[in-house]
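Structural characterization, general
So you can see what is in the structure, the chains are spelled out below.
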Amino acid sequence: MKTRTILVVLLTMAVTAAGVQLIGCGGVGASSARSWAAEKVYVAPGEHDKYYGFLSGGQSGSVFVVGIPSGRLIREIPIFEPRAAVGYAVHENDPRRKELMATGAVWGDTHHPAPSETNGVYDGRYLWINDLANGRVGRVRLDTFEADKIVKIPNLQGAHGIAVVSPDTKYIFVNGEFEQPTDGLTTNPAPYTSVVAFLDPESMQVKFQVRVNGNIDIADSSKDGRYAFSTVYNLEQAKSPGSMFQYDRDAVAAIDIPAAEKAVAEGKARLQNGVPVLDPETVPGLLTLIPVPKNPHGINATPDGKYVVASGKLSPTVTIIDAKTLKIVAEPEVGLGPLHTTFDNRGNAFTSLFLDSQVVKWNIARAVEGSSDYIVDRINVHYNIGHLQAVGGETMDPKGDFLLALNKLSKDQYLPVGPDMPEAQELIDISGEKMRMLSSFPTPPEPHDAVFMPAETLKGKVKQTYDVAPDAIAEGQESVVRTGPNAVKVNMTLIRSAYTPEQFEVREGDEVTLTITNVEQIRDMTHGLALPDHNMNLSLPPGFTKTITFTAGKPGVYWYYCTNFCSALHLEMRGRMVVQPRHSTVEITDWHAAQNVKGQTVSGVPSTGAQR
Amino acid sequence: MTARVRLVLVAAAALTLTSLALPLWGVRMDAPQYPDEPLVLRIDRHGISGDVHEVQTLQHYIGVRFPEQMPELTWLPVPVLALAALLLAGAAAGGGSGARVLRVATAALFVLFLIASAAIVQKRLYDVGHHRDPRAPIRSVKAFTPPLVGPAKVGNFTVWSFPHAGGVALLAAAMLAGAGARRRTA
């Protein structure tokens, strides 16, 4: 009897163990979860991703364009930093490099990509991005995916939060995080303050600024365009971190945009460095400070326009603010280190928890009602998540399918590549009640934020070749002209697989102005022009024209060659710049050309082959 | 002669004339590097059009050249207008036996014209594949002759030669001319 009982118990345990193994917790379940995730993110060769992902490059000064859901890096758009590979701002006389120098630096710290909107959704025209370090804003054209405008914002340091004013991109507004002496340090002492700058989206001129005390952090506008919301920390206006925590609360600043426009029109602003600056004290109703727990961080308007959600950072809460009345309607606890919030299309919010290394999903309506079951789900991320963004979460049309976690630390997530580790992005499925981890991909430093644009939004809008520029050199119009005692103008074209002219002659120290047009007409036939020892690499996509002025170096022969592999004769695609001594009286290019028509042998150096 | 035959002949003349305004011959070139975007050349009486820039850019690799002059295109309106005139004359000529001779002769001339044209096109295609620059960098591509209609492999390209809208119009006109000649007088 006793033996039999033991046998039954053992048998039951064995069957249960086998069942568990088969059904869920063991190999079969894990493997099917992997297949499910793989299927979700797999984009077959030749097929396209569903979404463009625009990830800020952080201290790379660029924007990374990543396909979602595959996570494939499609392009990097350099903005504030030279990128020789694509001929961007490399040479010291390159106009863009000069522009970068004139506006502060040849590097930048990009944080928040902000695409242009029409009717509260992305219209695929522009994408603006901040340079925190040097107080600049750059604009990317989405027909060519290149930086087309960079402006320096006066009276502002630490251009951090940036957002377009919904729903139709009336302004781009930028938050100054690092407070500045109000008089620009022309008198001493003067109090410090920060500004929120409002820029015209087309001209990118600063139309006006509004002063706010403290460090103005993250930005978002109300969906109706009435308010510019910003989180503000250090209302104490302390200059050292130790003194930043004396008050009970910091604030969300709500700037009434129509009130600001009216005040500017009525002449209530003072000009500072050519920009009208408004003092909220002189304009009642202009600025509302909504008290929220100390040192808040993210601020995000809900897609339906009803609320804005401020994430608590040092407080385990999010503060839900009515976007019309500016009253706090709830302050639910969500977890440790809430930094940013994004949304799906089913009334849920997702908040990144930096300290918990989690994404928490919570229901907005239930949190506002004050019911206790507002937390829907949590998922671990790896590690220390900063921003997170769901597809369309910043717009009035969230898609509710994917969410990207932008993690600050990757630790053990990828093959080790030395102490400087890559950043980790994780793609999460949010289409169901429970979040499900899909995939992970690394990037160079350091994406902060991301936005996603449906592929259809840009369909038919992205150019494949450049239109012919007014200064383009046409085939047959190439020339080399001495324009002064120390100046030469070279008009050049290139096409598979030659430069025209194949050679030109200058003198040491000449100022050479090279205008070069790629006269290819088919897509992807990009050529380069690298000029040895002259800090020069141009990248010339089809139809592109570039003008660059450089100083001819030491006497010698310099072979310019194609850096962008193009064709069967790519390696043969080259030409010569012959730099003569300053006071030479010989025209040597013709001599070189004549000697080289049939090739040339040097005695003592054997050669093979016979002429055909 | 029935009104129907007259109509057939007038239609044939109209098609013949229309061909002058249309591309007569086409060449389509497919290669892996041109996904869903084959290069297309069209030959009409003014010369070659279409992806001329790109095809010319490619030609130097294998030493191929477009024909510099094609006098047959300059002369093309002469036989075409003549055939159209003959077709119209045949339509106007009524039901006599002389008229029928005229219609039969016109159809025969039309067929001759088409054969001659095809021969000229084939000769041009042969020249393209055979009269090449011996100093061209890529020598592995052997001499080739794209068929009048159909594909030929030239390097990484599959080259299709085919009658374009104008060519098809002429073919149709010739068939109508034949149909018009076949009918007995009513």
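The structure presented is a predicted model; accordingly, all values stated were derived computationally and were not measured. Position numbers for residues count from 1 along each chain, tracking the sequence in the order it is written. For this description, chains carry letters from A and ligands carry numbers from 1, given in the order in which they are written. Confidence filtering applies because this is a predicted model: local features only for residues at pLDDT of at least 70, side-chain atom pairs given and counted only at 80 or more, and all residues used for totals across whole chains, interfaces and linings.

1. A closer look at the overall build of chain B
- Secondary structure elements are taken from DSSP: a helix is a run of H or I of four residues or more, a strand is a run of E of two residues or more, and numbering for both begins at the N terminus. Tallying secondary structure elements over chain B gives six helices and five strands in all.
- N-terminal to C-terminal, the α/β element order of chain B is α-β-β-β-α-α-α-α-β-β-α.
- Buried means a residue has 20 or more other C-beta atoms within 10 Å of its own C-beta, exposed means 12 or fewer, and partly exposed covers the counts in between; C-beta atoms are placed from the backbone. For chain B, buried positions account for 29% of its 186 residues.
- Think of it this way: build a C-beta for each residue from its backbone, and any pair within 7 Å is a contact. Pairs at least 24 residues apart make up 64% of the contacts formed inside chain B by residues separated by at least 6 positions.

2. Description of the overall build of chain A
- Within chain A one finds seven helices and 41 strands.
- A principal-axis box enclosing the C-alpha atoms of chain A has dimensions of 105 × 85 × 45 Å.
- The buried share of chain A, taken over its 612 residues, is 45%.
- Of the contacts made within chain A by residues no fewer than 6 positions apart, 56% connect residues no fewer than 24 positions apart.

3. Digging into the interface of chain A and chain B
- Taken together, the contact pairs seven residues of chain A with eight residues of chain B.
- Only Asp, Glu, Lys and Arg are considered charged in this grouping, and only Ala, Val, Leu, Ile, Met, Phe, Trp, Tyr, Cys and Pro are considered nonpolar; every other residue, Gly among them, is considered polar. A per-class count over the side of chain A that touches chain B returns four nonpolar, one polar and two charged.

4. Looking at the nonpolar core
Residues and elements named next belong to chain A.
- Counting residues in hydrophobic clusters, the biggest one holds 116 residues, and the most contacted among them are I172, F173, A197, V252, I255, V359 and L403.
- In this structure A197 touches I153, L156, F173, V174, V206 and Q209, once residues within four positions along its chain are discounted.
- Joined through C-beta atoms within 7 Å, a set of buried Ala, Val, Leu, Ile, Met, Phe, Trp, Tyr and Cys residues constitutes a nonpolar core. Membership of the second largest hydrophobic core comes to 25 residues, among which are F504, V519, L529 and Y558.

5. A word on the pairing of strand β3 (residues 73-78) of chain A
Residues and elements named next belong to chain A.
- When DSSP finds at least two bridges between two strands, those strands are taken to pair. Bridge count for strand β2 (residues 62-68) against β3 is five bridges, and the pairing is antiparallel. By the bridge assignment for β3, V63 is matched with I77.
- Connecting β2 to the next strand, β3, in antiparallel fashion are four residues, including G71 with a positive phi near 80 degrees.

6. What about the confidence of the model for chain B?
All names here are of chain B.
- Confidence in the prediction for chain B averages 91 pLDDT; 97% of positions are at 70 or higher.
- The pLDDT value tells you how sure the predictor is about a given residue, anywhere from 0 up to 100. Per-element confidence in chain B ranges from a low mean pLDDT of 91 for strand β4 (residues 150-154) to a high of 95 for strand β2 (residues 39-44).
- Scoring the predicted complex yields pTM 0.90 and, for the interface, ipTM 0.85.

7. Regarding helix α6 (residues 165-182) of chain B
Residues and elements named next belong to chain B.
- The first and last C-alpha atoms of α6 sit 26 Å apart over 18 residues, in line with the 26 Å expected at 1.5 Å per residue.
- The set of residues buried in α6 consists of G166, G167, A169, L170, A173, A174, L176, A177, G180 and A181.
- Structurally, α6 contributes buried residues whose contacts are with α1 (3-18), β1 (25-30), β2, α4 (77-92), α5 (97-130) and β5 (157-163). The span you would expect from a helix comes to 1.5 Å times its residue count less one.

8. A few points about the sheet that holds β4 of chain B
Residue and element names in this part refer to chain B.
- The five strands lie next to each other as β3-β2-β1-β5-β4, forming an open sheet whose pairing is antiparallel. Each edge of the open sheet carries a strand with a single partner, namely β3 (47-50) and β4. Within the sheet, the average angular offset between the axes of one strand and its neighbour, ignoring direction, is 25 degrees.
- Where β1 lies against β2, five bridges are found, and the strand directions are antiparallel. Bridging from a neighbouring strand, R28 pairs with V40 of β2. Between N-to-C directions, angles cover 0 to 180 degrees, with each direction set by a line fitted to C-alpha atoms, over the stretch in contact for helices.

9. Some thoughts on the environment of D397 of chain A
Residues and elements named next belong to chain A.
- As for its placement among the helices and strands, D397 is situated in the loop between β27 (385-390) and β28 (402-407).
- With 14 C-beta atoms counted inside 10 Å, the residue D397 sits in the partly exposed group.
- Through-space distance from the C-alpha of D397 to that of H534 is 50 Å; in sequence the pair is 137 residues apart.
- Residues in contact with D397, not counting those within four places in the same chain, are V121 and G392.

10. Notes on unusual backbone geometry
Residues and elements named next belong to chain A.
- The residue after S166, namely P167, is reached through a cis peptide bond having omega -5 degrees.
- Among the secondary structure elements, P167 is positioned in the loop between β8 (157-164) and β9 (172-178).
- Cis rather than trans, the peptide bond between R496 and S497 has omega equal to -10 degrees.
- Position of S497 among the secondary structure elements: in the loop between β33 (487-495) and β34 (498-500).
- Located in the positive-phi region is N234, a residue other than glycine, with phi close to 60 degrees.
- Secondary-structure assignment places N234 in the loop between β14 (227-233) and β15 (249-256).
- Residue N234 is classed as buried on the basis of its 24 C-beta neighbours within 10 Å.
- In the Ramachandran plot, K313 falls in the positive-phi region, its phi being about 55 degrees despite a non-glycine side chain.
- Mapped onto the secondary structure, K313 falls in the loop between β20 (307-311) and β21 (318-322).

11. Describing the sheet that holds β2 of chain A
Residue and element names in this part refer to chain A.
- If you walk across this open sheet you meet the four strands as β3-β2-β1-β31, and the pairing is antiparallel. The outermost strands of the open sheet, each flanked by one partner alone, are β3 and β31 (450-454). Looking at each pair of strands side by side, their axes are set apart by 20 degrees on average, direction ignored.

12. Here's the deal with the packing of α1 of chain B against α4 of chain B
All names here are of chain B.
- Where α1 contacts α4, the two axes come as close as 8 Å, and the packing angle between them is 165 degrees. Judged on the interaxial angle alone, α4 and α1 are roughly antiparallel. Like other packed secondary-structure pairs, α1 and α4 cross with a definite hand, here left-handed. On α4, the residues that touch R6, L9, V10, A12, A13, T16 and L17 of α1 are V80, L83, A84, L87, L88, G90 and A91. These descriptions rest on fixed angle ranges, namely under 35 degrees for roughly parallel, over 145 for roughly antiparallel, 65 to 115 for roughly perpendicular, and the rest for oblique. By convention the crossing between two helices is left-handed if the near helix lies anticlockwise of the far one by an angle smaller than a right angle, and right-handed if it lies clockwise.

13. Digging into helix α2 (residues 52-62) of chain B
Residue and element names in this part refer to chain B.
- Buried residues of α2: E54, L58 and I62, and no others. Seen along its axis, α2 keeps its buried residues to an arc of 75 degrees; they face one direction.
- Contacts made by the buried residues of α2 are with β2.
- Of the residues one or two after α2, G63 is the one with positive phi, at around 70 degrees. What the arc covers is the set of directions going from the helix axis to the C-beta atoms.

14. Points about the packing of α1 of chain B against α6 of chain B
Residue and element names in this part refer to chain B.
- Remark: α1 packs on α6, axes separated minimally by 8 Å, with the N-to-C direction vectors making an angle of 160 degrees. One element, α1, and the other, α6, form an angle in the roughly antiparallel class. Both α1 and α6 take part in a crossing whose hand is left-handed. Counted together, V5, V8, L9, A11, A12, L15, T16 and T18 of α1 and A169, L170, A172, A173, L176, A177, A179 and G180 of α6 form the full contact between these two elements.
- Split by residue class, the contact of α1 with α6 holds 13 nonpolar, three polar and no charged.

15. Quick word on the environment of L132 of chain A
- Here L132 of chain A is to be found in the loop between β5 (121-131) and β6 (136-141).
- With residues near it in sequence (within four places) discarded, L132 of chain A still touches D109, H111, G158, A159 and H160 of chain A.

16. Comments concerning the environment of G95 of chain B
Residue and element names in this part refer to chain B.
- Residue position: G95 is located in the loop between α4 and α5.
- Judged by C-beta crowding, with 13 C-beta atoms within 10 Å, G95 ranks as partly exposed.
- Sequence separation between G95 and V168 is 73 residues, and the spatial gap between their C-alpha atoms is 29 Å.

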